[in-house]
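Residue-level listing of the chains:
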Amino acid sequence: MKVVMFGNQWVGFDHYETWVNVYKDPVTDHGKISKKGRLTLEQDAEGHYFTTTEGRGDPAKDLLVTVFENGELLKEYTFEEIRSRAEVPLCRSRMQKSVLVAETSEKYCATALTTKTIEEELVDARRKQLAAEQRLTQHRQYPPGTETVYSYFESRGGKFPEVVFFGLQYIIKRWLVGQVVTKEKIEEAKAFSDAHLGPGLFNYAGWMHILEKHGGRLPIRIKAVPEGAVIPYKNVLVTVENTDPKCYWLTNYLETLLVQLWYPCTVATNSRAQKIVIAEYLIETTGSLNGLPSKLRDFGCRGSTSIESAALGGAAHLVNFNGTATIAGVVLARDYYGCEMAAFAIPAAEHSTITSWTKEREADAYKNMLTTFRDGTVACVSDSYDILHACESIWGSQLKEMVEDRGARGVGPLVIRPDSGDPATIVVQVLDVLGSKFGYETNSKGFKVLPPYIRILQGDGVNYESLKDILSNAKNHGWSADNISFGSGGGLLQKVDRDTLKFAFKCSYAIVNGQPVNVYKDPVTDHGKISKKGRLTLEQDAEGHYLTTTEGRGDAAKDLLVTVFENGELLKEYTFEEIRSRAEVPLCRSE
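So, how was this worked out
Residues numbered from 1 in each chain as written. Predicted model: local features only at pLDDT ≥ 70, side-chain atom pairs only at ≥ 80, totals over all residues. Heavy atoms only, no water. Axes fitted to C-alpha atoms, helices over the stretch in contact; angles between N-to-C directions. Helix = DSSP H or I, 4+ residues; strand = E, 2+ residues; numbered from the N terminus. Parallel < 35°, antiparallel > 145°, perpendicular 65-115°, else oblique. Left-handed = near helix turned anticlockwise from the far one by under 90°. Contact = heavy atoms within 4.5 Å. Nonpolar A, V, L, I, M, F, W, Y, C, P; charged D, E, K, R; others polar. Pairing = 2+ DSSP bridges. Salt bridge = Lys/Arg side-chain N within 4 Å of Asp/Glu carboxyl O. Buried < 20%, exposed > 50% of the residue type's maximum accessible area, 1.4 Å probe, protein only. Phe/Tyr/Trp six-rings, centres within 6.5 Å; stacked < 30°, edge-to-face > 60°. Lys NZ or Arg CZ within 6 Å of the ring centre and 35° of its normal. Core = buried A, V, L, I, M, F, W, Y, C linked by side-chain atoms within 4.5 Å. Patch = residues over 30% accessible without salt bridge, like charges linked within 9 Å, V, L, I, M, F, W, Y side chains within 5 Å. Areas by Shrake-Rupley, 256 points an atom, 1.4 Å probe, with all protein chains shown as cover. 1 Å grid on protein atoms, 1.4 Å probe; cavity = no way out; pocket = protein on both sides within 12 Å on 5 of 7 lines; lining within 4 Å. Points joined across faces, edges and corners; volume = space filled by probe spheres on them. pLDDT = per-residue confidence, 0-100.

## Here we look at the packing of helix 15 (residues 387–398) against helix 17 (residues 423–438)
Then, in step 1: Packing of helix 15 against helix 17 leaves a shortest axis separation of 10 Å and a crossing angle of 20 degrees. Taken together, the axes of helix 15 and helix 17 are roughly parallel relative to one another. In the packing of helix 15 onto helix 17, the handedness of the crossing is right-handed. Two secondary-structure elements touch here, helix 15 through Ile-387, Leu-388, Cys-391, Glu-392, Trp-395, Gly-396 and Ser-397 and helix 17 through Ile-426, Gln-429, Val-430, Val-433, Leu-434, Lys-437 and Phe-438.
Then, in step 2: Of the residues assigned to the contact of helix 15 with helix 17, the class counts are nine nonpolar, three polar and two charged.

Here it is in structure tokens:
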């Protein structure tokens, strides 16, 4: 048997040399129609690109190149080739190639990748250059006599009024613990900086000082709120300061790395906000929070920018829920937070495993799911062609006895998955059809509940805003939230940025020539970017409200910031269960 994929869509397979053209075309969204058959990418006489489908293309004209086969990379491109192909037409006609830049970049890339695996090189690169370009020259920019630089990290506002703090332990363990500076790394970083910025700007003496005096361990102290803490915005979350006066420049050199905390904090905050929405609707329409931890699943891995971002965002979501399709997040929670198994999954169909049976045999595809996964919960995407027809005529008629048998045996529900159309509308339509075919009960709150052997999962177009619309529309049509679970991809892991919660890392205090200086910024063009002054503490008042005290006026005995890292050593470690407990929503605590 052979299978062929286009993007992430299966377009054809042969079984005993009989080719089948595979496609999806959901009636709820024809914009999601996929291509059929074997494909070629060609150009016409005018140079316009076009894709030929169903095996009708000319292989001799196919522009697709075999780059990987049977474990072997068959075609490799240089960065200069890629730049040349991507150049805009106006520049291409005038472009003057820089031989020096080309030779330098190719030499550096070739040298770096000859002796190490790509993964090793990426790790080394982060540890050698944990800063943006501007950081490489900051050691020359501070006032003469600077001894201490003290900076802090906070959310200055944004979409949500509070922040779930998560991810610092991963960053510290992954990038900062132990000896992270070596002579080899310093020399390579110097060579890179000389080629990138120009000779003589790299802080060679500073890095050699860290190597020789501190054994390559970073003379830095990091204090932070406990992971999982939910803190109102505009409060300090992290402080960083150097512990060696000769390394004053190191504090903000680490800004680029540490500000990446914005991502797990934002995902955890977004996920928790959605948990609150679901919990409120469950209480209102069922009177119970049963099943809440698995109500929102992470479907975001394939849309993430990297495996690392999927892992970090995926783990952040698991602070609040225990359902995911992002295995990397489960692994990160295990490796960096000691949680042996942070989430659980169920067998689930995707479009390729359904459409490969063809439209004519759609019922056979669904029957295969029921027979193959006879025991335990199983999910089946059902919108490849017509979701309402699938619910009424296939699940609700042809396969009805098999679905009901799951209930009789008590083996776990069939979860039907719409995956196109307007989410708030299609969920109610599917519930109505399933209710007409399988019946329903009315719960103590007066809302309809499908039999326990059948549920639905909406995994398309789910985010904080649409979640409210879906649950509200279901409630308005008399359906309990117990019938529905959710999967979120882009809305959970991708459609966020540093400004979602307006994260910032700013210097607030320094010692220059032995004198303390309260440092701040307050641009007249945006007073919302005003920064805090002096040394900071995070405290709670008598009513439990958080407040940040500035200019060294706080009570150190009441400070909630904990020293988690100092001079290359992780001093405080949190378990995933501790983090989950701190982040739990109040409605769940009362239950």
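Now that the structure has been shown, we can carry on.
## Topic: unusual backbone geometry
Then, in step 1: In this model, Glu-551 sits at a positive phi of 55 degrees, which is unusual for a non-glycine residue.
Then, in step 2: Here Glu-551 is to be found in the loop between strand 23 (546–549) and strand 24 (562–566).
Then, in step 3: For Asn-567, which is not glycine, the phi dihedral falls at a positive 55 degrees.
Then, in step 4: Among the secondary structure elements, Asn-567 is positioned in the loop between strand 24 and strand 25 (569–570).

## Comments concerning the sheet that holds strand 19 (residues 484–488)
Then, in step 1: Spatially, 13-19-18-15-14 is the arrangement adopted by the five strands of the open sheet, whose pairing is parallel. Across the chains shown, the open sheet's two edge strands, defined by having one partner strand only, are strand 13 (296–298) and strand 14 (378–381). Between one strand axis and the next, the sheet turns through 30 degrees on average, direction left out of account.
Then, in step 2: Sheet topology places strand 13 next to strand 19; three bridges connect them, and they run parallel. Following the sheet pairing, Arg-297 is matched in strand 19 by Gly-487.
Then, in step 3: Packing against the sheet, helix 17 makes contact with strand 15 (414–417), strand 18 (454–458) and strand 19, and its axis sits at approximately 170 degrees to strand 18.

## Comments concerning the pattern of salt bridges
Then, in step 1: Using the criterion set out here, one finds 26 salt bridges in the structure.
Then, in step 2: Put simply, Arg-221 and Glu-241 hold a salt bridge, and the shortest N to O gap is 3.4 Å. Of the two residues, Arg-221 is situated in strand 10 (residues 220–224) and Glu-241 in strand 12 (residues 236–242); the sequence distance between them amounts to 20 residues.
Then, in step 3: Since its relative accessible area comes to 24%, Arg-221 is described here as partly exposed.
Then, in step 4: Note that Arg-535 and Glu-241 form a salt bridge whose closest N and O atoms lie 2.8 Å from each other.

## Focus: the sheet that holds strand 8 (residues 146–155)
Then, in step 1: Overall, antiparallel pairing links the seven strands, which are arranged 21-20-8-12-10-24-25 in an open sheet. One side of each edge strand has no neighbouring strand; the edge strands of this open sheet are strand 21 (515–518) and strand 25.
Then, in step 2: Strands in contact with helix 5 (residues 168–176) are strand 10, strand 24 and strand 25; relative to strand 24, the strand with the most contacts, it is inclined by about 15 degrees.

## Examining the environment of Thr-563
Then, in step 1: Here Thr-563 lies in strand 24.
Then, in step 2: Its relative accessible area of 26% is what places Thr-563 among the partly exposed residues.
Then, in step 3: With near-sequence residues (within four places) excluded, Thr-563 lies in contact with Arg-221, Ile-222, Lys-223, Leu-571 and Lys-572.

## What about the packing of aromatic side chains?
Then, in step 1: Counted according to the given criterion, the structure contains 16 aromatic pairs.
Then, in step 2: On the basis of an interplanar angle of 85 degrees and a centroid distance of 6.1 Å, the ring pair of Tyr-150 and Tyr-509 is categorised as edge-to-face. Pair noted here: Tyr-150 is in strand 8 and Tyr-509 is in strand 20 (residues 503–512), with a separation of 359 residues, a long-range link.
Then, in step 3: Plain terms: the ring middles of Tyr-366 and Trp-395 are 4.6 Å apart, the flat faces sit at 20 degrees to each other, and that makes the pair stacked. Of the two residues, Tyr-366 is situated in helix 14 (residues 362–372) and Trp-395 in helix 15; the sequence distance between them amounts to 29 residues. Neither residue differs from the other here; Tyr-366 and Trp-395 are each classed as buried.
Then, in step 4: For Lys-36, the ring lying beneath its charged end belongs to Tyr-23, and the centroid distance is 4.4 Å.
Then, in step 5: We note Lys-533 situated over the ring of Tyr-520; from NZ or CZ to the ring centre the distance is 4.3 Å.

## Remarks on the nonpolar core
Then, in step 1: Counting 139 residues, the largest nonpolar core has Leu-176, Trp-207, Ile-222, Leu-250 and Trp-395 as the members making the most contacts within it.
Then, in step 2: If you tally residues by element for this core, the top one is helix 10 (residues 262–286), at 11 residues.
Then, in step 3: Here Ile-222 is in contact with Leu-168, Leu-176, Val-238, Thr-239, Val-240, Leu-258, Val-562, Thr-563, Val-564 and Phe-565, once residues within four sequence places are set aside.

## Some thoughts on the pairing of strand 15
Then, in step 1: Of the two faces of strand 15, the one lined by Leu-414 and Ile-416 and the one lined by Val-415 and Arg-417 are each fully buried.
Then, in step 2: Pairing between strand 14 and strand 15: four bridges, direction parallel. Bridge pairing in strand 15 places Val-381 opposite Arg-417.
Then, in step 3: Bridge analysis of strand 15 against strand 18 gives three bridges, and the strand direction is parallel. Residue pairing for strand 18: Val-415 is matched across the bridge by Arg-455.

## Things to note about a nonpolar patch on the surface
Then, in step 1: Together, Val-65, Val-67, Phe-68, Leu-73, Tyr-77, Phe-79 and Ile-82 give the surface a local cluster of nonpolar side chains, amounting to about 680 Å² of exposed area.
Then, in step 2: Position of Phe-68 among the secondary structure elements: in strand 6 (residues 68–69).
Then, in step 3: When its relative accessible area of 54% is taken as the criterion, Phe-68 is described as exposed.

## Re the layout of surface pockets
Then, in step 1: Considered as a void within the structure, the largest pocket measures approximately 1,000 Å³ in volume.
Then, in step 2: Taken together, the elements giving at least two residues each to the lining of the largest pocket come down to strand 13, helix 12 (327–337), helix 13 (351–355), strand 14, strand 19 and helix 19 (490–494).
Then, in step 3: Per-class residue counts for the lining of the largest pocket are 17 nonpolar, 17 polar and 10 charged.

## Considering the confidence of the model for the protein
Then, in step 1: Summarising the model, the protein shows a mean pLDDT of 91, and 90% of its residues fall at 70 or more.
Then, in step 2: Predicted confidence for residues 6–10 stays below pLDDT 50, and this span has 14 contacts to residues more than four positions away or in other chains.
Then, in step 3: Counting contacts from residues 97–119, a segment whose pLDDT is below 50, to residues more than four positions away or on other chains yields 18 contacts.

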